[in-house]
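Residue strings, one per chain:
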Amino acid sequence: MSENLDQSNINKAGKSNDSEPGLENAVEVSDEALQKRVQSGSPSPQRLQRPHSSPPRFVTVEDLLETAKGVTNMALAHEIVVNGDFRIKPVQLPEDSLEKRVKEIVHKAFWDCLSAQLSEDPPAYDHAIKLVGEIKETLLSFLLPGHTRLRNQITEVLDLDLIKQEAENGALEITKLAEFIIGMMGTLCAPARDEEVKKLKDIKEIVPLFRAIFSALDLMKVDMANFAVSSIRPHLMQQSVEYERKKFQELLEKQPNSLDFVTQWLEEAADDLVTQKCGRSWPAGEEAAGSREAPRPSPVAVQNYAYLQLLKWDHRQRLFPETVLMDQPRFQELQRQLEQLTILGAVLLVTFSMAGPGVFSQADSAEKLKMVIKILLIDMHLPSFNLEDALTAIGDKVCVEVSTCLSQCGLAPFTPDKETVLRGQIQAVSSPDNPVRRIMDSRILTFLETYLASGLQKPFPTIPGGLGPVQTELEEVAIKFVRLVNYNKMVFSPYYDAILTKRLGPA
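All values derive from a computational prediction rather than experimental measurement. For every chain, the first residue of the written sequence is number 1, and numbering continues from 1 onward in sequence order. Per-residue local features of the predicted model are confined to residues with pLDDT of at least 70, and side-chain atom pairs are confined, for both listing and counting, to 80 or more; whole-chain, interface and lining totals are unaffected and use all residues. The side-chain figures draw on all heavy atoms in the structure; neither hydrogens nor water molecules are used.

A. Quick peek at the overall build of the protein. A tally of regular secondary structure across the protein gives 18 helices and 2 strands. Burial classification: accessible surface area is computed with a 1.4 Å probe over protein chains only, and a residue below 20% of its type maximum counts as buried, one above 50% as exposed, and the rest as partly exposed. Evaluated residue by residue, the protein yields a buried proportion of 42% over its 507 residues. Residues are treated as being in contact if the distance between any of their heavy atoms lies within 4.5 Å. When contacts within the protein are restricted to residue pairs at least 6 apart in sequence, long-range pairs at least 24 apart make up 73% of them. Only the protein chains shown count as cover for residues, and all accessible areas are computed by the Shrake-Rupley method using a 1.4 Å probe. Accessible surface for the protein amounts to roughly 27300 Å². Of this, 54% is attributable to carbon and sulfur atoms. Secondary structure counts use DSSP, requiring at least four H or I residues in a row for a helix and at least two E residues in a row for a strand, with both numbered from the N terminus.

B. How the structure looks around the packing of helix α5 (residues 126-141) against helix α6 (residues 148-157). The angle between two axes is taken between their N-to-C directions and runs from 0 to 180 degrees, where each axis is a line fitted to C-alpha atoms and a helix contributes only its stretch in contact. Remark: α5 packs on α6, axes separated minimally by 10 Å, with the N-to-C direction vectors making an angle of 175°. With respect to each other, α5 and α6 are oriented roughly antiparallel. Contacts between α5 and α6 involve K136, L139 and L140 from the first element and R151, I154 and T155 from the second. The residue makeup of the contact of α5 with α6, split by class, is 3 nonpolar, 1 polar and 2 charged. Note that the term roughly parallel is reserved for angles under 35 degrees, roughly antiparallel for angles over 145, roughly perpendicular for angles of 65 to 115, and oblique for everything else. Polar here means any residue outside two lists: the nonpolar Ala, Val, Leu, Ile, Met, Phe, Trp, Tyr, Cys and Pro, and the charged Asp, Glu, Lys and Arg; Gly therefore counts as polar.

C. Here's a closer look at the confidence of the model for the protein. A score from 0 to 100, pLDDT tells how confident the predictor is in each residue. With 77% of its residues at a pLDDT of 70 or more, the protein shows a mean pLDDT of 79. Of all helices and strands in the protein, the one with the weakest mean pLDDT is strand β1 (residues 9-12) (36), whereas helix α12 (residues 299-309) scores best (93). Taken as a whole, residues 1-59 scores under 50 in pLDDT and shows 122 contacts with residues more than four places along the chain or in a different chain. Contacts of residues 281-291 to residues separated by more than four positions or lying in other chains number 7 contacts, the stretch itself having pLDDT below 50.

D. Looking closely at unusual backbone geometry. Here D121 and P122 are connected by a cis peptide whose omega angle stands at 0°. With respect to the helices, strands and loops of the structure, P122 is situated in the loop between α4 (98-119) and α5.

E. Geometry of the side chain of K489. As for its placement among the helices and strands, K489 is situated in helix α18 (residues 471-504). Neither His nor the chain ends contribute to the count of charged residues, in which Lys and Arg are positive and Asp and Glu negative. Salt bridge, as used here, is a side-chain nitrogen of Lys or Arg placed within 4 Å of a carboxyl oxygen of Asp or Glu. Within the buried set, K489 has no salt-bridge partner at all; the shortest N-O distance to an opposite charge, 9.1 Å, is to D497. Residues within four places of K489 in sequence aside, it is in contact with Q303, N304 and Y307.

F. Spatial organisation of the side chain of D327. In this fold, D327 is placed in the loop between α12 and α13 (328-355). For D327, the side chain forms a polar contact with the side chain of R330, separated by 2.9 Å. Setting aside residues up to four positions removed in sequence, D327 forms contacts with H78, V82 and L484. Identification of polar contacts relies on pairs of N or O atoms within 3.5 Å, with a donor-acceptor requirement for protein atoms, meaning one able to donate a hydrogen and the other able to accept it, and with residues adjacent in sequence counted only if both atoms are side-chain atoms.

G. Representation of the packing of α13 against helix α15 (residues 387-408). Put simply, α13 and α15 touch, their axes get as near as 12 Å, and they point 35° apart. Taken as a pair, α13 and α15 cross one another with a handedness that is right-handed. Residues I343, V347, T351 and A355 of α13 form the contact with α15, whose own contacting residues are L387, L391, I394, V398 and V402. Residues of the contact of α13 with α15, tallied by class, amount to 8 nonpolar, 1 polar and no charged. The crossing is said to be left-handed when, going from far helix to near helix, the turn is anticlockwise and less than a right angle, and right-handed when the turn is clockwise.

H. Structural detail: the pattern of salt bridges. According to the stated counting rule, one finds 16 salt bridges in the structure shown. A salt bridge links K221 to D218, with the nearest nitrogen and oxygen atoms 3.9 Å apart. One end of the pair, K221, and the other, D218, are both in helix α10 (residues 206-254), 3 residues apart, so they sit about a helical turn from each other. Its relative accessible area of 22% is what places K221 among the partly exposed residues.

I. Up close: the environment of M224. Here M224 shows up in helix α10. Residue classification places M224 among the buried positions, given a relative accessible area of 16%.

J. Region of the structure containing the packing of aromatic side chains. Any two rings among Phe, Tyr and Trp, with Trp reduced to its six-membered ring, count as a pair given centres within 6.5 Å; such a pair is stacked if its planes are under 30 degrees apart, edge-to-face if over 60, and tilted if neither. For the structure on display, the rule yields 15 aromatic pairs. Where F248 meets F492, the ring centres are 5.2 Å apart and the plane angle is 80°; that geometry is what we call edge-to-face. Of this pair, F248 sits in helix α10 while F492 sits in helix α18, and the two are 244 residues apart along the sequence. Classification of F492 by relative accessible area gives buried; the value is 3%. The interplanar angle of 45° and the centroid separation of 6.3 Å between the aromatic rings of F492 and Y495 together place this pair among those described as tilted. Separated by 3 residues within a single helix, F492 and Y495 lie in helix α18, roughly one turn from each other. Exposure class is identical for F492 and Y495. Each is buried.

K. Molecular detail of the environment of G186. Here G186 is to be found in helix α8 (residues 174-188). You can call G186 partly exposed: its relative accessible area is 34%. Through-space distance from the C-alpha of G186 to that of E196 is 9.3 Å; in sequence the pair is 10 residues apart.

Pasting the structure below:
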């Protein structure tokens, strides 16, 4: 199984809304980005105004390799714990790649050799017996400690010494061995592989049969690896917090400036909250200076506010804080989902306001309208997506749906002028400064902030006004966001507390 893991791509199943990028990409992003920061002696250009917390030092190649290995292991453990849909998938070599061509040539040579041996008179079974030995070891590796009867069966029937003696005496029935192997595979395989194993019974020629058996066994190895991952997840969860913290501490000891971006991220959040509290606390016209002292936000409030800022992060211009770097793809996906929800909510709010509350009173009509808009916004994350063009198409579709609902309710249809106004209001949502869009964005963040402060407790906080039509989607995003934040807090809270104590003073 370990060999299979080494040769497999690590991937996450599922796709947003519930999916996230593959683990292979996540590990690659985390590893590469952290290694760049480990090797970097200066912050990014936009942060030159802030000195390093500790001077950089030279590192050896061995240090870098050791650090890279630690980062990769930490990322893998983190992925297994955080991603409930984590799966391992067989490696898929690129078409026309040199590696794939070499593999095909070598495999063809091997199977041709086996075919030639079996075609001799009398047949030679040297290669075939070696394959049976590999199959035997693979089948035994699938067994659990309690599978004593199956273990004895495999050991007895696939006894290589006995098989060699039968081959030497011309008494070997290779077809019988194949039937036993296929039957045992059917017993041990996952239900999803039943059809593939059944198809093996229809293959009559020995060489194609052995090739198909090994292909099916490779898939069964992946299934077993995924079963092992799901089995260790509860135990790994108990240890992962300490493990990740330990690995990060080792990284920090090699590179003391590995908290620079985290420090700036938290300090900016603290300063923003102080500024906001000052604006709310001091009467109009009263200066901050003087006898009044600026209100001090709590460290928990600062951290929650900082995490919310990750949902507004400019990933092209700013490097992500080190402690959340492994989850950067997840935060980017959440950010995309929230941007889509903001547009969706704004369009629905404008439509319902103009059509009247009773027009879309039937749940199916409102859901149909929402689905139409979601489909037209599905590519919103792509660089080629044009929001203005999409909103033009959405305006046309919305007007059709509104006319249909008005007709079903026995009401007069919209006049051309009113349809023009509705299209114009929907088109105006394309501007980030659009009042409706800004209200939706603000209320979404308020809901997430309230839910984050509640600590993932149910029932959910009261949904802010205007967000009712997207409540289901918003609650799904909120659960993923808060779980991600809470786990990150458990791992890195000692570092956050130290930074904020220095910035804000002791609690």
